[in-house]
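# Structural description and commentary
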Amino acid sequence: TKNEQVPGKQHSLTEDYFNRIEALQYAIANDDGQKTEQLKVADIILFGVSRTSKTPTSIYLANKGIKVANIPFILNQEPDLSRISKKTLVIGLFASAERLQQIRMSRLKSLKENKETNYINIVHLEKEIKEARKICMANKWSTIDVTRKSIEEIAATALEYLKIFKDRKNV
């Protein structure tokens, strides 16, 4: 019968399968601002401060065949945005300073890091978020508040933005 299960065939080698693998490899290679020369082939570029779910969202979208790069914003470091094409959708990811502080404190604890640092200083976080927002506004990039959103919700919103972005380009 047609519906018979064939061992080892849970991933039939379709074009979709190879697109997803390629997108996953792309997301990994272009994580955290690496390989900026490849930004022009991204479907989406995620931009934001540390711990705004850029990497997990990139991987989730890659599983759907979307090529996603991500660029971190670090206060007092000029991000290299020169290779971003106008043909690529860029989305800024943001969270409240309080939520970021909570996530970052948890991360430091898991790394057994306990010295005082700007990484979790609330005033520093607010400044970091404000500066990253300025860059998004200056470039007219879409943004998503990820404070209370799951990776799936962030990805769904990014996919909606991508559809709108593509529709506008085809006008």
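Residues numbered from 1 in each chain as written. Predicted model: local features only at pLDDT ≥ 70, side-chain atom pairs only at ≥ 80, totals over all residues. Heavy atoms only, no water.

### Here we look at the environment of Arg-99
Among the structural elements, Arg-99 can be located in helix H3 (residues 97-110). On the basis of relative accessibility, which here comes to 28%, the residue Arg-99 falls in the partly exposed class. Taking the C-alpha atoms as reference points, Arg-99 and Ile-120, 21 residues apart in sequence, are found 10 Å from one another. Contact partners of Arg-99, with chain neighbours within four places excluded, come to Thr-147 and Arg-148. A polar atom in the side chain of Arg-99 sits 2.7 Å from the side chain of Gln-102. (Helix = DSSP H or I, 4+ residues; strand = E, 2+ residues; numbered from the N terminus. Buried < 20%, exposed > 50% of the residue type's maximum accessible area, 1.4 Å probe, protein only. Contact = heavy atoms within 4.5 Å. Polar contact = N/O pair within 3.5 Å; in protein donor to acceptor, adjacent residues only side chain to side chain.)

### A word on unusual backbone geometry
Although it is not a glycine, Arg-51 adopts a positive phi angle of roughly 75°. Mapping Arg-51 onto the fold places it in the loop between strand E1 (44-48) and helix H2 (54-62). On the basis of relative accessible area, Arg-51 is assigned to the partly exposed category, the value being 33%. Residue Ser-53 is not a glycine yet carries a positive backbone phi of 70°. On the secondary structure map, Ser-53 appears in the loop between E1 and H2. Looking at Ser-53, the relative accessible area reads 23%, which means it is partly exposed.

### Concerning the pairing of strand E2 (residues 68-72)
Here E2 lies mainly inside the structure; four of its five residues are buried. With five bridges connecting them, E1 and E2 associate as parallel partners. By the bridge assignment for E2, Leu-46 is matched with Asn-70. Once the chain exits E1 it traverses H2 before rejoining the sheet at E2, and the crossover so formed is right-handed. (Pairing = 2+ DSSP bridges. Right-handed = clockwise from strand over helix to strand, strands pointing away.)

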